[in-house]
Structures are given as C-alpha cells and as structure tokens.
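Here is how the chains run, residue by residue.
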Amino acid sequence: MGIDGLRPDSLQQANTPNLDRLINQGFFSPMQAEDTTWSAPCWATVLYGVWRDRHGITNNSFTGSKLGNIPDLFSLVEQQNPALYTARVTSWDGIHVRMPTGADEDHYWYYGKYEDDTTVPKTIELLTNTDVDVLFQYFSMVDAKGHEHGFSIDVPEYRHAIEKADRQLGEILDAMESRPNYANEDWLVVAVPDHGGTANGQHGENRPEHRNSWFIASGDAVSHLTDGIRTDAAPVDVVPSILDHMGLAWQNQGLDGHSVLRAQVAQPAQIGTELIVNGDAEHDRGYTKYGYEGSTSGWLEGGGAVPTQYGAPGGFPGAGSVPEGGKIFFAGGTKQKSAMMQRIDVSHLDLSQPTTYNLSAWLGGYAQDDDKASVTVRFNDDAGMAATKWDNGKVYFFRGSQYYRFDLGSDRVDSGYPAGISGGWPGLDRFTGGASDIDAVINWGNGKAYFFKDDEYIRYDIEADRADDGYPMKIAEQWPELAKFEGGARDIDAAINWSNGNAYFFKGAEYIRYNLSSGKVDVGYPMLISDTTWPGLQVWPSHIDAAFRKDLFKSYLFKEGEYVRFDHALNKVDAGYPRQITSDSWSGLRDWYFGQRSVTIGPVTESDRGSATGFVYREASGQVPTATQTIDVTVQFDDSWGSSDGYADNISLILQQ
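Residues numbered from 1 in each chain as written. Predicted model: local features only at pLDDT ≥ 70, side-chain atom pairs only at ≥ 80, totals over all residues. Heavy atoms only, no water.

## Describing the overall build of the chain
No. 1: Of regular secondary structure, the chain possesses 15 helices and 37 strands.
No. 2: For 657 residues, the compact-globule formula gives about 26 Å, and the C-alpha radius of gyration of the chain, at 26 Å, lands near that figure.
No. 3: Counting only C-alpha atoms, the chain reaches 80 × 60 × 50 Å along its principal axes.
No. 4: Buried residues in the chain amount to 58% of all 657 residues.
No. 5: Long-range contacts, defined as pairs at least 24 residues apart, comprise 64% of the intrachain contacts of the chain with a sequence gap of at least 6.
No. 6: Of the roughly 24,900 Å² of accessible surface on the chain, a fraction of 44% belongs to carbon and sulfur atoms.
No. 7: Here the chain contributes 53 positively and 91 negatively charged side chains, and the mean placements of these two sets differ by 6 Å. (Helix = DSSP H or I, 4+ residues; strand = E, 2+ residues; numbered from the N terminus. Rg over C-alpha atoms; globule rule 2.2 N^0.38 Å. Buried < 20%, exposed > 50% of the residue type's maximum accessible area, 1.4 Å probe, protein only. Contact = heavy atoms within 4.5 Å. Areas by Shrake-Rupley, 256 points an atom, 1.4 Å probe, with all protein chains shown as cover. Lys, Arg positive; Asp, Glu negative; His and termini not counted. Charge placed at Lys NZ, Arg CZ, Asp CG, Glu CD.)

Spelled out as structure tokens, the structure:
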C-alpha cells in the first residue's frame, strides 16, 4: 500500500482506524525518504529496492533514469517463481508509464479524473476474484490535496484526504479478510508513503519535514516485532521484505535494503550490552559518491550526516583505515557544522549500584585540522533547566532547586547566587513537587511570564514578583495546541519570545511557532530543528536546554554545556558557535550544568592522525551519575575549511556494574 505524501505526524493525529489496525497487528517504524523528495525518485526507491544513486532519478522528469536496467519488485518475483500472480494498480502516470514492471497485470486510472475511486474497487476485485499473490495499490489524493491546500493536519482538505484513504484501505483489508481461504493464507501487508511535505504545499527539498516518513508492516510474519524494531526501516526495505515473505531470494539480488522480517526487536537498554544503535554505520549501504545524503539509520540529525563507503571518490579513507574493519563510516558530508544524536532511556536501570561507562570511537577527518569529529555523551537527570530575561537587564537561569541571576551589563552572575527557587520566586512552590525542576520559562512581554513544569504551568506577575492566583493549571487545558508536540502538552524543553509577535516552544526534535496575538499555533507546526528551519542549530537536532532573547538583534540558546548566539537579522547562528560555557564566556555560570555530567572524546588533529585521512581511536570511561535518567550521544562534525566535516566509526557506549 503506497500512500503518497502522508506525513508521519499527520498520520498519528488523523482518525485512521485501519492504519491503526495494521500497526496493532504488526509494527510502526519511522523512516527517511530519499534526499531528493520528489515522487519519482522516492517511489523508484520503494518499488525497485535501490537508492537514487543507482536508479539515477532525481526529479519528476525522470532525468537520468536507469530503471530499464533494474528489475522492479514484480520482475524479481516473476523471475524466481513465474507461477505467482502479481498486479500493480496505480493512478499516477509517473509510475504507470515511466517505471517498467514485470507484474502480470498493470492497471491505471488517472487520479486527476478518477481520484482513487476506480483503483480501489479494482484492487478489491483482484482480491475477491483472483488468487493474486503480490499486489501494489497506490493512493494519490493525500499528495494531491497536500499540494493544493498544504501538507498539514491543520488543513481540513489534507486531513479529509488522509481519512478517506484510510477508509478505502479498510475496504481493501475487508476484502482480503473475506477471501474464502483467508484462514489458511499468510498475508503480509506493508504500507509506506514516498515523502512528506510542508504547509506551503511543497516537497522536494532535503529537509526533515519532506524526508520524514514511516513504514508499517502487519501480519503473522512480523508478529514477533510488535514492540518495534531496533534500527528504523528504510524505503529500500520494502522489496526485500516482500521477497523474503514469499520465500524468494533477496540477499543476492542487488538490493540495497534489508528484510524487516529479520530485524532485531527493539529492547530496553541493559547493563553490559551495546547501547548505541548502528554505531558502526553498517546498517546503511553508504554512498559511493560525494553529494548524496543517505539515511543515518538509528540516528536523529538535522541535516548533513552521511553514511559513506570506505574508498569512495573524493579523498575518503580507504578500506582498512579502521582495524575493526567494516564497509561504512559516518561523515559530515556538508560544508557546515552538522551533527547526529541518539537519546537512550536508562530510567528503568538500577544505577544506585556503582556503574561505569566506556565510550569509544574511531575519529578522523580530511587533510585540514579544522575538519574534525567528536563524540559527546551527556548523562541527564530529572532536574529541569530553563532561562529567561527580564526587562531590567537580568537573565535568570534555573536548574533543579536553584537559580542564578546573570547581569548582562557586568557580564557575570550577581553575588549571592545561586539561590533557592522556593525563597526567591513566591508561588512557584505550588507546582506539583515544589519549586524545582522548571522545564521552561518565557517572558510574554506584557508584564507576565509563564513557567512550565511537567504537565503544569504558572503565570507569574513580574512587577508584583509573585505567581498569580489560581495557578498552576494544566498545559493541555489552557494551551491545547501544544498537544501537537510528540508526547503531548508536557515536558517543554525551552521557550522564547521572539519579540516579533511570535513565541517559539521547543520539545525534543520539534518546535512550535505560537502567534501571541491570535493565541494559536501557526498552521504547519510542529516542525523539526534543522539547518533549514534554524540554520546553524542543526548541531543540536534535539532537546534544547534553555533559550532567551537578549535584545532586538541576538538570542542565546543552550545545550550540553555549550551555547549558540542567534542573529535575528540574518536568521542564523553566528559563525564560530557553538562555544563552551566557561568562566570567560558566562562568568559564574559554569556550575549551572553541575550534576548534568558530560564527557567528550575527540576531536583529533592532523598530527594525531599521522596521515591526511587517517582515523585515531579514542575512548573514555568513568562513573555514571546515580540520578541519570537518559543518556544523549551526540556526534558533531566540524568544518571551517569546506570539505567533509570529519569522520566517525564504531561508536560504542557500554555500562558495567
């Protein structure tokens, strides 16, 4: 089942009982589409099982197509077992005319005239009246309505198209389950989109809102994977998974993906086992030419990280550069700073016993010292972090049960700080759990400020210097549109008043733009933190700690003991950031991160490497703080020279007791 243009966040917010039924009988996995997010390259990748550097398509004009020399799913099925009955039912001429197929039946009705109202009955007919073995049904109207009205669940036409497609999917599933011999048949149902889109009705760019997609597999064949899979599925996994289910060869067919039927089950973190998913990059095929940005499976990245084959053209390291071997490594891949990260939940582990960590990686870079890679691990506790600026030139930083008052004029923390929140902020002790662990604070610009903690918030009167009566309240009740965040209206990471009529809220990898005048979230949000939406902030693709606006020109954002300065006029992070919080940069504030321990290995210099493209092994070990709840692993690729931003491979983190 191919549902063109269905964004993953819209899938989760729309009323889709039939897709939900598939998930309940199988699993859901996040997925990344091709970096050229047009339908032609994306569907070619899904239906032929190879990435675009092999099928050659980069746009909807099919320029450079090599599909005439590559077998599609149905050709691979028919080559191995011609007795199997196969059918393709589509409504876009790009697939029907420009993508050769070996299917026994190939049906097409143009969506512009028939929508999906003719293709769906044909699929139902095939399921009802034939012994079809492999069938592809393409849904066109979600994408069509997205282009016409906007790819956003806030847009009624887009939402209605999703819900209609789900109803039609339900009719197909009913027909499948009504087959006379259904009880003795073994059906695998796979559902995927090709790409996402943005509220302006566009896709085609290499950005998260366009690339983020999803993969659903359902049926007895994947019943062991109902808890999810350890490494995210990819578009190239569709063909090998179907071949595997049909009992046909898939591993030596020139395909770029894996069978999800053989995927590792997602399991909670354990002592003594590898915590990092795909730390050796070997789950990805890796690109052989510079300029292709592939999926960094298992990692979240805001743009730039690229799995690359050893020996690829362009000066990349050759085979044998890392003693542990392997075919693939991670490179920055862009002419800018970039990063990728994972968050590991360890809240279920008993860390009251002495627990140590061992962090290791092979790190390197191109010929210049400013092409580097480093790995940072941060051990997060539950102590909230927040920052906000008052109109008196003071910035207040909150962590745990304490706060700091920083004077912008003298550029240092005022004497007598840190101090206790409970004594300095009347009324914040009304929060469940007391006056501590503040998640976010925002100066609303009207004499009021809002403090957020867990699922509650308090309105604070700045002049009266106390919390208003009647608080705390539930965020979801009074700020219902913040429920659009993944995980709902709680645990806000940071909030900042942009002083242009908008406020921004950050949570995880997402952010929301809130219109102060209308009191509503703008259409199309949340969006993802990336080099497209927040240029320069892609070095922190998730979980911003705190933020505040200094003046009309600059804002500061904080994470992992670092900070960036954002230029409002240029709409990007200033050059030379992120920087470390030190006694010189934020005098008196270094202890703000006390108890939130981090360790960094690398970067290595050219003199360390001993060769222009060599790797150096780096490791670190130490004690895990007992209050640790989650662990962030961030790989930063730094580049000031304009090449490949450094390399990393065999990244490992193991806890021992």
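After that view of the structure, there is still more to cover.
## Focus: the packing of aromatic side chains
Each aromatic ring pair is specified by the distance between its two centres and by the angle formed by the two planes.
No. 1: Under the defined criterion, the tally for this structure stands at 67 aromatic pairs.
No. 2: On the numbers, 5.2 Å between centres and 90 degrees between planes, the contact of Tyr396 with Trp425 is edge-to-face. Remark: Trp425 occurs in the loop between helix 13 (421–424) and strand 19 (440–443) and Tyr396 occurs in strand 15 (residues 394–399); sequence separation between them is 29 residues. In terms of burial, Tyr396 and Trp425 fall into one category: buried.
No. 3: In this arrangement the basic side chain of Arg549 is found over the ring face of Trp498, its NZ or CZ atom lying 5.8 Å from the centre.
No. 4: The ring of Tyr577 has Arg579 lying over it, and the distance from NZ or CZ to the ring centre is 4.2 Å. (Phe/Tyr/Trp six-rings, centres within 6.5 Å; stacked < 30°, edge-to-face > 60°. Lys NZ or Arg CZ within 6 Å of the ring centre and 35° of its normal.)

## Quick word on the nonpolar core
No. 1: Core analysis: the largest hydrophobic core is formed by 73 residues, its most contacted members being Phe397, Phe505 and Phe558.
No. 2: Judged by nonpolar contacts, the second largest core, of 44 residues, contains Phe27, Met31, Trp43 and Val134. (Core = buried A, V, L, I, M, F, W, Y, C linked by side-chain atoms within 4.5 Å.)

## Remarks on the side chain of Thr45
No. 1: The residue Thr45 is located in helix 3 (residues 39–48) in this model.
No. 2: Owing to a relative accessible area of 0%, Thr45 belongs among the buried residues under this scheme.
No. 3: At 2.6 Å, the side chain of Thr45 and the side chain of Glu34 are in polar contact.
No. 4: A polar atom in the side chain of Thr45 sits 3.0 Å from the side chain of His55.
No. 5: Beyond its immediate stretch of four places on either side in the chain, Thr45 contacts Glu34, Val50, Trp51, Arg52, His55, Pro235 and Val236. (Polar contact = N/O pair within 3.5 Å; in protein donor to acceptor, adjacent residues only side chain to side chain.)

## What to know about empty space enclosed by the protein
No. 1: The tally for this structure, following the rule as stated, stands at three cavities of 30 Å³ or more.
No. 2: Roughly 110 Å³ of volume is contained in the largest cavity.
No. 3: Around the largest cavity sit 15 residues that line it, and Trp51, Val236, His283, Asp284 and Arg285 are the ones nearest its centre.
No. 4: Tallied by class, residues from the lining of the largest cavity come to five nonpolar, six polar and four charged.
No. 5: Looking at the second largest cavity, the residues that line it are Gln32, Asn206, Arg207, Pro208, Arg211, Glu293, Glu301, Gly302, Gly303 and Asp531.
No. 6: Its residues assigned to classes, the lining of the second largest cavity shows one nonpolar, four polar and five charged. (1 Å grid on protein atoms, 1.4 Å probe; cavity = no way out; pocket = protein on both sides within 12 Å on 5 of 7 lines; lining within 4 Å. Points joined across faces, edges and corners; volume = space filled by probe spheres on them. Nonpolar A, V, L, I, M, F, W, Y, C, P; charged D, E, K, R; others polar.)

## Some details on the pattern of salt bridges
No. 1: For the structure shown, the criterion picks out 41 salt bridges.
No. 2: Two residues, Asp35 and Arg52, come together in a salt bridge whose shortest N-O distance is 2.6 Å. In this pair, Asp35 sits in the loop between strand 2 (26–32) and helix 3 while Arg52 sits in helix 4 (residues 52–55), placing the two residues 17 residues apart along the sequence.
No. 3: For Asp35, a relative accessible area of 7% translates into the label buried.
No. 4: Measuring nitrogen to oxygen at the nearest pair gives 2.7 Å for the salt bridge that ties Lys554 to Asp567. Remark: Asp567 occurs in strand 31 (residues 562–567) and Lys554 occurs in strand 30 (residues 554–559); sequence separation between them is 13 residues.
No. 5: The exposure class assigned to Lys554 is buried, which follows from its relative accessible area of 19%.
No. 6: Several salt bridges share partner residues, and in doing so they unite Arg343, Arg378, Asp545, Lys559, Glu560 and Asp632 into one network. (Salt bridge = Lys/Arg side-chain N within 4 Å of Asp/Glu carboxyl O.)

## Thoughts on the environment of Val134
No. 1: Among the structural elements, Val134 can be located in strand 5 (residues 134–139).
No. 2: When the C-alpha atoms of Val134 and Leu73 are compared, they prove to be 9.2 Å apart, with 61 residues separating the residues in sequence.
No. 3: Dropping the residues within four chain positions of it, Val134 is found in contact with Leu73, Phe74, Val77, Tyr85, Thr86, Ala87, Ile242 and Met246.

## Remarks on the side chain of Thr634
No. 1: Inspection of the secondary structure assignment puts Thr634 in strand 36 (residues 630–639).
No. 2: A distance of 3.3 Å separates polar atoms of two side chains, one belonging to Thr634 and the other to Glu560.
No. 3: Discounting residues that sit within four places of it in the chain, Thr634 has contacts with Ala339, Met340, Met341, Ser374, Val375, Thr376, Val539 and Glu560.

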